[in-house]
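Coordinates in review
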Amino acid sequence: MPATEPTKIRNIAVAGHRGVGKTSLVEALLFEAGKTNRLGTVEQGTTVSDWDEHEQKRGMSLSGSLCHLEWNDRKINLVDTPGDAGFQADTYAALRVVEGVVVVLSGVMGVEVNTARVWKRAEEQELSRVLFVNMLDRERADFFRVLEAARQQLSDRCVAIQLPIGSEHELTGIVDLLHMCAYMDPSGGREGGPQPIPDSMADPVREHREKLLDAVVETDEELMGRYLEGEELDPHAVADALKQAVTRDELYPVACGVASKNLGTTALLDLLVEGVPSPAKKGTTIEFGDAKQAVFIFKTIADPFTGRISCFRVLSGPVTGDTTLVDPRTHAKERLGQVLTMQGKDSETVEELGIGDLGAVAKLKDVVTGDVLVDHEVAVEPPHIDFPEPVMSFAVTPKAKGDEEKMATGLRRLHEEDPTLLLRRDPQTGEQLLSGLSQMQVEVAVDRLNTRFHVEVELHPPRVPYKETIRKEARARHRYKKQTGGRGQFGDCAIVLEPLPPEEGELGYEFVDKIVGGVISQGYRPAVDKGIREAMEHGELAGAPVQGVRVLLVDGMEHNVDSSEMAFKIAGSMAFKEAYQQADPVLLEPIMELEVTVPDDTVGAVNGDLNSRRGRLQGMEPAGGMTTIKAEVPMAEILTYSQALTSMTGGRGDYSMHFLRYEEVPTHVAQKIIEQTKREREEAKV
Ligand SMILES: Nc1nc2c(ncn2[C@@H]2O[C@H](COP(=O)(O)OP(=O)(O)OP(=O)(O)O)[C@@H](O)[C@H]2O)c(=O)[nH]1
Ligand SMILES: [Mg+2]
């Protein structure tokens, strides 16, 4: 089979908030197009795109899934993306390889936190967008309310292209305003062909058809002229103008239906073909130099059985099997044995894939998500996918001693699949920290470690990386002297400690040599510095590193036989400890900048809770039913925020945070931490 021409391809990401029916919609589209024989459901774990056992267990998508179908002589590649905040890496990567996005909304909930985020991303990438208002069969679903919310919160260029017939449990079908026909509820079967629009719909259809035509002709002067002269415009001309407008980001058609019953899929498929640009029309911004063959890897599936599968978009081609490409990042040659098309977890070998098409290849060596492979070494800058920063960390430990290496290897593999999942060692606390975008993401990683890499691990709240510093100047002198038979030990130094103001927010350390007249010889002075640095690693208050200190070495003495570097190191360390006690030492804690987005009716509760977490409110921005609260909160108080937020908002809230600066811990809190450290130290001694 020869490669599909770029003009005949549509690359579409299906994205939106958690649980709005994206996977069900992809399932219905595949079914309607005849790719499957029955409509799978998320409940039964029988959908094409949620094929992973963890997805089925949790009833949600955890990673992007690539599928394809044919409709009206066009090949439509669909990437079903996860809606959960924790799994947005795949969503953002998918948005790099498509021309269009179907933004799915719940007919009950309307525009939600992640709808707005995905929309913003799509806007940044200048992707064409179609909205699909789903779940119109549910109680309290209201197409027109959601349409209005989309116009208010996403763009006033959203315009209905379909209308529901009836509502909630009395929903019986939808009207296609472009082709002026209706589709009746197939109740999970294939949709029958187009039907005449029921008379009862005459008024709303007239009103919204006019709005649609107004919106379309406004983008096309020639059409506008004909329209104003009262000419009846044929659907082809309108569709054509619509596609131009959608391509130029001037219009966002709003479709609707019920994914779980397969209602609305014919009209949506028609819209994707007629109203969304092909790769030929929109092209890619990803660089590939003058390469004749080039692919961009947007997803890596680490399957324990088949090995690694890399999903790609063809940038330059066609790309065939039995080809060797090179990865300019590693300079390594990578062999493409067979070129595949994917249908969820199932793959099919094809001869070749043309420019703009999406496909996959198994068993590449050192390729990671984000790489561009080319047929000869050209200097290309791989596209930067701006992945979100991790917002939470857990300390991880293997349950069985000796599994540390296995755990690290497994987590490294999982990181290859999902770059937002990070494992690092906290240099201060020594803990292995697993960071991610949500608690769910981290928990899923733990599940996968178990099922895929056979390591059981435990998660704990991480230790807070406290620091210590001083508030005033102090001086001390220490003489270290030992006489043991033969050669003794002698070191003597006097130092002054003073607070060192932070530089660009960073607390530092400075050692200033103020020795005059060579009372300590040059060779021993760095040893004093070294001793002080060692003492600073564990402050006397809570064992946290000391920072923000300038040390002046002002005086001292040496012995011409007994002095040694070791003796001066010890003297330096002891002098520091003595001076430190008098320098008014204080405990510092990391302060995080937090952004929480919650439904308006929970703002009071969320603010009250932040207050009890020593949070300081910085601002509030309401936007269409949701409010974004900005606050500064000590890290120690927010280690386990996600459960609290879920219970306060019924799972509708969302947050992100990042490190801001260190601040002094209030006395009453510091006292508790200091006592706790003391207890732990004593216990450790016993
Ligand atoms: N009543 C009704 N239920 C639906 C409809 N579409 C999907 N559902 C159900 O809603 C739930 C979530 O559907 P999914 O398809 O998993 O939603 P999703 O957007 O893929 O979810 P994530 O991948 O977790 O973001 C499932 O229980 C579906 O059966 C619909 O149109 N009507
Ligand atoms: Mg899904």
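Owing to the predicted nature of the structure, the values given are computational and were not obtained by experimental measurement.

**Remarks on the coordination of the magnesium ion (ligand 2)**
At the metal site, the magnesium ion (ligand 2) is ligated by Thr 23 (OG1) and Ser 61 (OG), and these contacts range over 2.0 Å. Of the two residues, Thr 23 is situated in helix α1 (residues 22–32) and Ser 61 in the loop between α2 (53–58) and β2 (65–71); the sequence distance between them amounts to 38 residues. Of the two residues examined, Thr 23 and Ser 61, each falls in the buried class.

**Some words on the pairing of strand β12 (residues 307–316)**
Remark: a regular strand shows side chains that alternate across the two faces of the sheet. With respect to burial, β12 is a largely interior element, nine of its ten residues being buried. Pairing of β12 with strand β19 (residues 358–362), which is carried by five bridges, proceeds in the antiparallel orientation. Pairing of Phe 312 across the sheet is with Gly 359, part of β19.

**Quick look at the nonpolar core**
Within the largest apolar cluster, 112 residues are counted, with the highest numbers of intra-cluster contacts made by Leu 25, Ile 76, Leu 131, Phe 143 and Leu 268. By residue number, the principal contributor to this core is helix α8 (residues 235–247), which donates seven residues. If you look at the next biggest cluster of nonpolar residues, it comprises 31 residues, including Val 442, Val 603, Ile 638 and Tyr 655.

**Considerations on the environment of Gln 293**
Along the polypeptide, Gln 293 turns up in the loop between α10 (279–282) and β11 (294–303). When the C-alpha atoms of Gln 293 and Val 14 are compared, they prove to be 28 Å apart, with 279 residues separating the residues in sequence. Not counting the four nearest positions on each side in its chain, Gln 293 is found in contact with Ser 316, Pro 318, Val 319, Thr 320, Thr 323, Leu 325, Leu 373, Val 374 and Asp 375. Within the structure, the side chain of Gln 293 is placed 3.1 Å from the backbone oxygen of Pro 318, a separation counted as a polar contact.

**Focus on the pattern of salt bridges**
With the rule as written, the count across this model stands at 47 salt bridges. Residues Arg 448 and Asp 52 are paired through a salt bridge, measuring 3.2 Å at the closest nitrogen-oxygen approach. Note that Arg 448 is positioned in helix α12 (residues 439–453) and Asp 52 in the loop between α1 and α2, a separation of 396 residues in sequence. The residues Arg 448 and Asp 52 share a single accessibility class, namely buried.

**Focus on the environment of Gln 618**
Mapping Gln 618 onto the fold places it in strand β31 (residues 616–623). Taking the C-alpha atoms as reference, Gln 618 lies 4.9 Å from Ala 631; in sequence the two are 13 residues apart. Leave out the neighbours within four places in its chain, and Gln 618 touches Lys 630, Ala 631 and Glu 632. A polar atom in the side chain of Gln 618 sits 3.4 Å from the backbone oxygen of Arg 616.

**Some words on α1**
The buried count for α1 comes to eleven of eleven residues, which makes it a mostly enclosed element. The positive-phi residue at the C-terminal boundary of α1 is Gly 34, with phi of around 85°.

**What to know about the packing of helix α6 (residues 202–217) against helix α7 (residues 221–228)**
Contact geometry for α6 and α7: axes closest at 8 Å, N-to-C directions at 135°. What the angle tells us is that α6 and α7 run oblique. In this structure, α6 contributes Glu 210, Leu 213, Asp 214, Val 216 and Val 217 to the contact, and α7 contributes Glu 221, Leu 223, Met 224 and Tyr 227.

**So, the site of ligand 1**
Close to ligand 1 lie 20 residues, the nearest being Lys 22, Thr 23, Ser 24, Glu 43 and Ser 61. Taking Thr 23, its main chain carries an N or O atom lying 2.8 Å from an oxygen atom of ligand 1. Contact distances for ligand 1 include 3.2 Å between an oxygen atom and a backbone N or O atom of Met 135. For ligand 1, the protein covers 90% of the area, taking 650 Å² as the surface of the free molecule. Of the residues in the shell around ligand 1, the class split is six nonpolar, nine polar and five charged.

**Comments concerning the sheet that holds strand β27 (residues 489–499)**
Strand pairing in a sheet relies on backbone hydrogen bonds. The paired strands run either parallel or antiparallel. With mixed pairing, four strands are arranged side by side in an open sheet as β26-β27-β29-β28. Single-partner strands in this sheet number two, and they are β26 (474–482) and β28 (509–513). On average, each strand axis in the sheet is inclined to that of its neighbour by 25°, with strand direction left out of account. Pairing of β26 with β27 involves nine bridges; the strand directions are antiparallel. For His 478, the partnering residue across the bridge sits in β27 and is Cys 493. Of the strands in this sheet, β27, β28 and β29 (549–557) are in contact with helix α13 (residues 525–537), which crosses β28 at around 155°.

Definitions and cut-offs
- Residues numbered from 1 in each chain as written.
- Chains lettered and ligands numbered in written order.
- Predicted model: local features only at pLDDT ≥ 70, side-chain atom pairs only at ≥ 80, totals over all residues.
- Heavy atoms only, no water.
- Donors = N, O, S within 2.8 Å, 3.2 Å for Na, K, Ca; no water.
- Helix = DSSP H or I, 4+ residues; strand = E, 2+ residues; numbered from the N terminus.
- Buried < 20%, exposed > 50% of the residue type's maximum accessible area, 1.4 Å probe, protein only.
- Pairing = 2+ DSSP bridges.
- Core = buried A, V, L, I, M, F, W, Y, C linked by side-chain atoms within 4.5 Å.
- Contact = heavy atoms within 4.5 Å.
- Polar contact = N/O pair within 3.5 Å; in protein donor to acceptor, adjacent residues only side chain to side chain.
- Salt bridge = Lys/Arg side-chain N within 4 Å of Asp/Glu carboxyl O.
- Axes fitted to C-alpha atoms, helices over the stretch in contact; angles between N-to-C directions.
- Parallel < 35°, antiparallel > 145°, perpendicular 65-115°, else oblique.
- Near = heavy atom within 4 Å.
- Areas by Shrake-Rupley, 256 points an atom, 1.4 Å probe, with all protein chains shown as cover.
- Nonpolar A, V, L, I, M, F, W, Y, C, P; charged D, E, K, R; others polar.

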